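Residue strings, one per chain:
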Amino acid sequence: MAQIPKVRLRGGLEICRILNGLWQVSGAHGKIDPHQAVQALEAYVNAGLTSFDMADIYGPAEEIYGSFYKQLLATKGHEAVKGIQGLTKWIPQPGPMTRKVVESAIDLSLQRMQVSHLDCLQFHWWDYSDKRYLDALGHLSDLQTEGKINELSLTNFDMEHVVEITNKGIQISSIQLQYSVVDRRPMVKMTEVCEALGIKLLTYGTLGGGFISEKYLGAKEPKNEDELYTSSLKMYKKAIDTWGGWDLFQELLQVLSSVAKSHNCTIANVATKYILDMPAVAGIIIGCRMGIPGAEHIQENVKSFDVHLTTEDTEMIESVLKKSSDLMQLIGDCGDEYRLK
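Bear in mind that the values here come from a model prediction, so they are computed numbers and not experimental data.

A. View of the pattern of salt bridges. For the coordinates displayed, the defined rule picks out 21 salt bridges. In this structure, arginine 185 engages aspartate 183 in a salt bridge whose closest nitrogen and oxygen atoms are separated by 2.7 Å. Classification of arginine 185 as buried rests on a relative accessible area of 3%. The class for aspartate 183 is buried, based on a relative accessible area of 3%. We note a salt bridge from lysine 273 to aspartate 277, for which the minimum N-O separation is 2.9 Å. In the salt-bridge network here, residues are joined through shared partners; they are Arg99, Glu103, Asp107, Glu146 and Lys148.

Quick look at the structure:
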């Protein structure tokens, strides 16, 4: 097993600096065979990538993890399952957030994942005008004290509400948000606040759903449904359009390719390491195309840790980035794209 760099969160949980994202089993990326997906998880663990990110709304993601956990326990014992980490999310619709409602949701995730406690529970809320997210977080904090949750975290909250939540005395371990060479909003406000509060960043979208790769270098702009065939491609193409458009994106890919060649690695490796090197970033989440031969990119992803970007590399990349639009102005702070308008 490769030695993958890890980082420790507030409550002591050690996670890999590259996490395996299970959102692609939600159904928006094509049909997934759950049995095949369970077997596919072993390849990630064998490569040293032992941290898995999922959510209650990612289709059968929690069940797939639970089946893998049970299988690993049966075949390799307690020490083996102690070496994997399951980070999930609770993404409720706004409504009453009583103790019973909150605990029932956590108990369902525990049941699906076949674990006695959640390594990390990441909470999302759709509507800031409905303040019951504070009720929910209060109950989650109580469940953490009682041992059902190890790390209590957030996903897609903005800086203002992170400060509000922590001012209520709720200890937050990490925040999951979008962060890439295209979307650098976290560095505007969030990074400084998180460093001051001891909160780590877990990032997604770092490879732009696959756009930030050699596959799209020199490619014509994808526009139709056949070319944007997954929900990720649709979402990140929209982000690219807002950021600066396809021509500027091609200029960025050319620079990333030049840097990659100088380090004998891939565009994805450079884009990954660029974000991993950012302050407060604990890890990045890369989606698993489980059960699809040749789509895992496990060994390629691990090579990102061997890349050491120079000041010159960073300056080359940022010479393109400074030409882009201000996403804070056009979209808003981290997570604002998910808020109910």
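B. Broad picture of the packing of helix α1 (residues 34-46) against helix α2 (residues 61-76). Running from amino to carboxyl end, α1 crosses α2 at an angle of 60°, the nearest separation of the two axes being 9 Å. Classified by the angle their axes make, α1 and α2 are oblique. Considering the relative orientation of α1 and α2, their crossing is right-handed. Note on element contacts: α2 touches α1 through Ile64, Tyr65, Ser67, Phe68, Gln71 and Lys76, opposite Pro34, Ala37, Val38, Gln39, Leu41, Glu42, Val45 and Asn46. For the contact of α1 with α2, a count of residues per class yields 8 nonpolar, 4 polar and 2 charged.

C. Quick peek at the pairing of strand β5 (residues 85-90). The buried count for β5 comes to 6 of 6 residues, which makes it a mostly enclosed element. Neither face of β5 is left uncovered, since the one carrying Gln85, Leu87 and Lys89 and the one carrying Gly86, Thr88 and Trp90 both have all their residues buried. Strand direction decides the pairing type here: strand β4 (residues 51-53) and β5, joined by 3 bridges, are parallel. Its bridge partner being in β5, serine 51 is matched across the sheet by glutamine 85. Here 4 bridges tie β5 to strand β6 (residues 118-123), and the two strands are oriented parallel to one another. What sits directly across from leucine 87, in β6, is cysteine 120.

D. Expanded view of α2. Its 16 residues give α2 an end-to-end C-alpha distance of 22 Å, which sits within 8% of 22 Å, the value for a rise of 1.5 Å per residue. Within α2, burial applies to Ala61, Glu62, Ile64, Tyr65, Gly66, Phe68, Tyr69 and Leu72. Along its buried surface, α2 packs onto α1, β4, α3 (78-81), β5, α4 (99-113) and β6. Among the residues trailing α2, glycine 77 stands out with phi positive, at a value near 90°.

Reading the values: rules and limits
Residues numbered from 1 in each chain as written. Predicted model: local features only at pLDDT ≥ 70, side-chain atom pairs only at ≥ 80, totals over all residues. Heavy atoms only, no water. Salt bridge = Lys/Arg side-chain N within 4 Å of Asp/Glu carboxyl O. Buried < 20%, exposed > 50% of the residue type's maximum accessible area, 1.4 Å probe, protein only. Axes fitted to C-alpha atoms, helices over the stretch in contact; angles between N-to-C directions. Helix = DSSP H or I, 4+ residues; strand = E, 2+ residues; numbered from the N terminus. Parallel < 35°, antiparallel > 145°, perpendicular 65-115°, else oblique. Left-handed = near helix turned anticlockwise from the far one by under 90°. Contact = heavy atoms within 4.5 Å. Nonpolar A, V, L, I, M, F, W, Y, C, P; charged D, E, K, R; others polar. Pairing = 2+ DSSP bridges. Expected span 1.5 Å × (residues − 1).

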